[in-house]
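Residue strings, one per chain:
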Amino acid sequence: MKTFRFVISFSIALALGIALNTKIGSIPPLGKFLSPFHGFWQNAENDSIDIESESIEGITDSVNVYFDELLIPHVFASNEKDLLFTQGYVTAYHRLWQMEFQLYSAAGRLAEILGPKIGNTSLIDVDRQMRRIGLMHGARKSEELFKKEEPEIYELLESYSAGVNAYIESLSYADYPIEYKLLDYEPEEWTPLKCFLLIANMNNMLSRGERDLEHTNALKKWGREVFEVLYPERPDVVDPVIPVGTTFDFEPIKVEKPDVTFPLYFTDPTIENPDPDNGSNSFVVNGEKTANGRVILTNEPDLSLNLPSIWYIMQLKCPTLNVMGATLPGGPGVTIGFNDSIAWGNTNAKRDLVDWYYIQFKDETREEYLYNGNWVPTKKVIEEIKARGSFSYYDTIIYTHHGPVVYDRNFTNNRSEITNLAMRWTAHDASKEIKALYLGNKAENYDDFVEAFSYFSGPPQNYSFASVNGDIALWINGKFPVKWEEQGKFLMDGSDINQEWQAFMPQSHNLHVKNPPQNFVSSANQHAADTLYPYYQYDYNYEYYRGRRINDRLRVMDNITVKDMMSLQHDNFNYNASEALPMMLDSLDSASFTDLEWDYYNKLVGWDYFNNPDRQAPTIYEEWWGKLNSKLWDEIDSSEVAVYRPNWYNTVEILENKPDFFMIDNQSTSVKESSGDLYRQTFKETIASLEEYLEKEGNSLLWYQYKNTTIRHLLRISPFSEGKVKVGGNRSIVNAASSSHGPSWRMVVELGSGEVNAWGVYPGSQSGNPGNPTYGHMIDDWASGEYYKLLFETSLSSNHSKIKHSITLNSK
């Protein structure tokens, strides 16, 4: 497989070069690229690891690095600066191109390396959007805050950056990762600012999602009654993160809702939202529920399934800490993991943190805008977007006190009634997530954990916790504005002081629970709390299935083992199907079935609702459910202004309880259709579609083949990707592996009696080099539910049976 990948790399380079339109000639410099001494052949590795001991400027003492059988580096240093220097150095060895490329995207610099256009996609516009939403704006604020208030931690960031740069400086062209050669550019200097930009990029993925403008469009288009049917805030089925009935012994900050009429302007198009499936599962059980009396913590972040993988696993050890787990390439410390005393995981805490404000400029110069009855000066920032082999595009971004004006006369080709919309987002504020992780890595108990993550502003996370002394807990950490009901749910008036945020919740008011009577805590991106919580909670994209399934299982499970927790992480029960399919099947007229229809019907009737990879029924159901949604929501999909489909749970509610809802009827025909008509019509269409699918060579109805979960290389190069992975599940299932999205890291940690044992797996490999023999080697084990026992020791040597390779970095 590895030989195949490299034999065809030349044709890949040609195709990629043409597609990217990066240069005259559209291909890398062939002399360098094809050279057997310097070109892509040098990326084909016979050994899985070839890093060697070095004497390096920038460290003060010797550092030992031990690579185990999974190529996980265990870094042992005598001080924190040398530890983080070496973390940067070793991470760059395995993941340099990924580290850089993801931040080119976050910084709005893709056109700089890929050219102005890919196919029909303007990378200039992609870069403009990233500049306008202000990721770098927030990153710079945070860097300045650390320079001023956290100089010691900032020095550690400088050490990490120096380690990355030391590795870069050691490279010749022959050593570059193959992606640099394919795209014909060089790595640039790493700086602490990029570490802050990495946090901003996580905010972009996990806290930028909102539908304020789509809500405004829907309210104006259909009115309040229809709006509430399509997008209700809190269905009765909510099983929240914080157990129902939890009491809150604080006096909340109160904000009065003003007498406000939302400006109902149509806005179309709207900028692209992050993937709505970004989320996670985490659940923890205490010793009362486990077979051996120890606590067990699990975590799995559900994100894009990429190669190189999102996560890089490391152990970091020096006299002040001993921590292991998943790191983000480009960021210091461990993001999700454990140490000698505690373990922690996190899931995305859903909350609406982006609000949009209509801005009224005084005149065409846009130098002043109306606020609180006064004309207030704007700030103009001119962004230069360089397009490789082409030109520079200059974009003027207007800043108000709310934030950047993202929508204006120059961006989005807006056809709406208004154009000037400013973005208020917590990610634009200076914050201290890096301090939170730094302290969290060193935490020894619950109080340390609480103190550490009190500095975590965003993206807001449900932080789960377990300790060797038996405590379990969950804290929802983030920076949350205090909002009146429906504030920020629709477009607001930027000139009205009463419509902007008045205060932020004190951190002590953030939701949390410790050692609850139910003996477990869990989170899966659902509602945070019941209605007893005195603050307004809202997000357009709460999850309604995974959390319910996890809690259903944990309530009845006892004598739990590590294996049981692993099995629950891989649970394939389709809650959506269990609630929707019975009424879909009941509507069918079996008396008129053909033999083929009976065959499909019987497969569904006999299904136990588990989306296991080798079943056929999940394929039939998911195809039917997709066609039903398309038929039901055709008015939404074809709307002349931006709106969006209701979530799956509410779709079932509408079909079951509002059979006369006007969107169920196909208004282009004279006959009034019912939900039953939709079921019967789409059942026949499903069979026709799947029969056509089966006519293609190699296709079957097996769920994993139809779903085609693919771990894609970041450049979407097929030979560097892995498709048709044999994994079950799907979105909204605990095992949330869809076609391109799912569990990006699975971790299980058992703590007790002064001992910590941990297991982990992810769909990829430590090495990001497609020519490495280990590239993608964990994918099959990840898919089948296998885990690796993680090596976690207080001391190691090169003679350890599980150590494959070791190096020493010495001070030069």
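A short tour of the structure in this document, coming up. (Residues numbered from 1 in each chain as written. Predicted model: local features only at pLDDT ≥ 70, side-chain atom pairs only at ≥ 80, totals over all residues. Heavy atoms only, no water.)

## Thoughts on the overall build of the protein chain
Looking only at helices and strands, one finds 24 helices and 30 strands in the protein chain. In terms of overall size, the protein chain behaves like a compact globule, its C-alpha atoms giving a radius of gyration of 27 Å where 812 residues would be expected to give roughly 28 Å. The principal-axis extent of the C-alpha atoms belonging to the protein chain is close to 80 × 70 × 65 Å. Within the span of the protein chain, comprising 812 residues, buried residues form 63% of the whole. Within the protein chain, residue pairs in contact and separated by at least 24 positions form 73% of the contacts whose partners lie at least 6 positions apart. Total accessible area on the protein chain is roughly 30500 Å²; 46% of this is exposed by carbon and sulfur atoms. Positive and negative charge centroids in the protein chain, built from 73 and 111 side chains respectively, lie 3 Å apart. (Helix = DSSP H or I, 4+ residues; strand = E, 2+ residues; numbered from the N terminus. Rg over C-alpha atoms; globule rule 2.2 N^0.38 Å. Buried < 20%, exposed > 50% of the residue type's maximum accessible area, 1.4 Å probe, protein only. Contact = heavy atoms within 4.5 Å. Areas by Shrake-Rupley, 256 points an atom, 1.4 Å probe, with all protein chains shown as cover. Lys, Arg positive; Asp, Glu negative; His and termini not counted. Charge placed at Lys NZ, Arg CZ, Asp CG, Glu CD.)

## Overview of the side chain of D68
With respect to the secondary-structure elements, D68 resides in strand β2 (residues 63-68). Despite its burial, D68 pairs with no opposite charge; the closest candidate is K802, at 8.2 Å N-O. Within the structure, the side chain of D68 is placed 2.9 Å from the backbone nitrogen of L70, a separation counted as a polar contact. Within polar-contact distance, the side chain of D68 engages the backbone nitrogen of I72 at 3.0 Å. (Salt bridge = Lys/Arg side-chain N within 4 Å of Asp/Glu carboxyl O. Polar contact = N/O pair within 3.5 Å; in protein donor to acceptor, adjacent residues only side chain to side chain.)

## Observations concerning the pattern of salt bridges
Counting across every chain of the model gives 45 salt bridges. One salt bridge connects R224 with E228, and the closest N-O pair in it is separated by 2.8 Å. Note that R224 and E228 are positioned in helix α12 (residues 224-230) at a spacing of 4 residues, about one turn of the helix. Classification of R224 as partly exposed rests on a relative accessible area of 35%. In this structure, K289 and D558 form a salt bridge, with 3.5 Å as the shortest nitrogen-oxygen distance. Here the residue K289 occupies a position in the loop between β6 (279-285) and β7 (295-304), and D558 occupies one in the loop between α15 (546-556) and α16 (562-569), the gap between them amounting to 269 residues. Classification of K289 as buried rests on a relative accessible area of 5%. Ionic contacts of the salt-bridge type, sharing partners, join the residues D125, R128, R132, R366, D395 and D408 into one network.

## Some points on the sheet that holds strand β18 (residues 405-407)
Within a sheet, each strand pairs with its neighbour through backbone hydrogen bonds, oriented either parallel or antiparallel. Strand order in this open sheet of 4 strands is β18-β19-β13-β22, and the pairing throughout is mixed. The strands lining the two open edges of the sheet, one partner per strand, are β18 and β22 (492-493). Sheet analysis places strand β13 (residues 354-358) next to strand β19 (residues 421-425), joined by 5 bridges and oriented antiparallel. Within β19, the residue paired with Y357 across the bridge is A422. Each of β13, β18 and β19 touches helix α11 (residues 212-222); the most contacted strand, β13, lies at about 60° to it. (Pairing = 2+ DSSP bridges. Axes fitted to C-alpha atoms, helices over the stretch in contact; angles between N-to-C directions.)

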